[in-house]
Amino acid sequence: DARVTQTPRDKVTEMGQEVTMRCQPILGHNTVFWYRQTMMQGLELLAYFRNRAPLDDSGMPKDRFSAEMPDATLATLKIQPSEPRDSAVYFCASATGPLTDTQYFGPGTRLTVL
Amino acid sequence: AQKVTQAQTEISVVEKEDVTLDCVYETRDTTYYLFWYKQPPSGELVFLIRRNSFDEQNEISGRYSWNFQKSTSSFNFTITASQVVDSAVYFCALRRHGGYNKLIFGAGTRLAVHP
C-alpha cells in the first residue's frame, strides 16, 4: 500500500530556530505539493513541484520559507527563522501528473513554534 | 474565481443515522474535478472520491454515496447507517482542468457520530 511519508510527525521548537520538514512522495509520482492547515485559514497551498522543478510557490512567505526537491524521492520544506505564527500542520501530497491528478496526502507534520 | 462552500460547520448524529454533507462549488470552467477527503482525528487526509465534471453519474461505495448535480453546482456526500468510525472532518475540493493541479478546499464539515 503506497503512501506519502512525512517526517517528523511532530515538531516543537522555539522562535528563531530553523525547521526542516521532509516528505517522501509515492514512488512514481512526479508532482509534489506542500499545504499548510490552520484553524483560521484552513488548507492552503504553499508550493508545488513537477519533476522536481518548482512551478508555483506563490503561497509561501519567501523571506523565511524555502521548498526544494533534492531528488525524486525527497521534498523538503524549510522555515528559517521560525515564528509562532508558523504553527500549523504541514501536509505534503503527491500525484502522478496533470492527467491523473488525484493528490494523495501524507500524515502531516504538526509544528509548534513557541 | 473558484470557490467551494461547505455550509455545515458541524454535524452530530447518532450511530446508524444517515447523514448528508453538502458541498457547493463555483467555477466558470466547463471542465473541472471535484474531490472529497476525510480527515479523521489522527490528522491525515484520506482521499475518498474524484469526480469529473463531464460525468454526472452518481457513485456508491459501500455506505458512502455521492450526488453530483451540475445544475445546482453541488457535490453532496451521504453516509448511510453512520458509524462511530465515520467521525472526522470531511473536505470537499475543486480543481481546474489543465496542468496546474491546485486544489481549492472548502472549510470542512466536522461530523461526530455518537454511539
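Residues numbered from 1 in each chain as written. Chains lettered and ligands numbered in written order. Predicted model: local features only at pLDDT ≥ 70, side-chain atom pairs only at ≥ 80, totals over all residues. Heavy atoms only, no water.

Caption draft 1: Representation of the overall build of chain A in the model. A tally of helices and strands in chain A yields zero helices and 11 strands. Along chain A, from the amino end to the carboxyl end, the secondary structure elements read β-β-β-β-β-β-β-β-β-β-β. Computed over its C-alpha atoms, the radius of gyration of chain A comes to 13 Å, within 12% of the 13 Å expected for a compact globule of 114 residues. C-alpha extents for chain A along the principal axes are approximately 40 × 30 × 25 Å. Intrachain contacts of chain A at a sequence separation of at least 6 include 54% that bridge at least 24 residues. When the accessible surface of chain A is summed, it comes to about 5700 Å², and 51% of that surface belongs to carbon and sulfur atoms. (Helix = DSSP H or I, 4+ residues; strand = E, 2+ residues; numbered from the N terminus. Rg over C-alpha atoms; globule rule 2.2 N^0.38 Å. Contact = heavy atoms within 4.5 Å. Areas by Shrake-Rupley, 256 points an atom, 1.4 Å probe, with all protein chains shown as cover.)

Caption draft 2: Representation of the interface of chain B and chain A within the structure. On the side of chain A, 21 residues touch chain B, which itself brings 19 residues to the contact. Between chain B and chain A, roughly 1600 Å² of surface is buried when both sides are summed, and carbon and sulfur atoms account for 53% of that area. Joining chain B to chain A, the criterion identifies two residue pairs in polar contact (both at pLDDT 80 or more). Within the residue set of the side of chain B that touches chain A, elements represented by two or more residues are strand E5 (32–39), strand E6 (46–52), strand E10 (88–96) and strand E11 (103–105) of chain B. Per-element tally for the side of chain B that touches chain A: the top contributor is E5 of chain B, with four residues. Its residues assigned to classes, the side of chain B that touches chain A shows nine nonpolar, six polar and four charged. (Buried area = accessible area lost by both parts, 1.4 Å probe. Polar contact = N/O pair within 3.5 Å; in protein donor to acceptor, adjacent residues only side chain to side chain. Nonpolar A, V, L, I, M, F, W, Y, C, P; charged D, E, K, R; others polar.)

Caption draft 3: How the structure looks around the state of the cysteines. All told, the structure shown has two disulfides over all chains when counted by the stated rule. Two residues, Cys23 of chain A and Cys92 of chain A, share a disulfide whose sulfurs are 1.9 Å apart. In this structure, the disulfide formed by Cys23 of chain A and Cys92 of chain A twists by about -60 degrees around the S-S bond and is classed as left-handed. With a gap of 69 residues between them, Cys23 of chain A in strand E3 (residues 19–24) and Cys92 of chain A in strand E9 (residues 88–95) connect regions that are remote in the sequence. With respect to class, Cys23 of chain A is no different from Cys92 of chain A; both count as buried. Sulfur-sulfur distance for the disulfide between Cys23 of chain B and Cys92 of chain B comes to 1.9 Å. Disulfide Cys23 of chain B-Cys92 of chain B: torsion about the S-S bond near -65 degrees, hence left-handed. One end of the pair, Cys23 of chain B, is in the loop between strand E3 (19–21) and strand E4 (24–26); the other, Cys92 of chain B, is in strand E10, and 69 residues separate them in sequence. Cys92 of chain B matches Cys23 of chain B in its accessibility class, with the two residues each being buried. (Disulfide = S-S within 2.5 Å. Buried < 20%, exposed > 50% of the residue type's maximum accessible area, 1.4 Å probe, protein only.)

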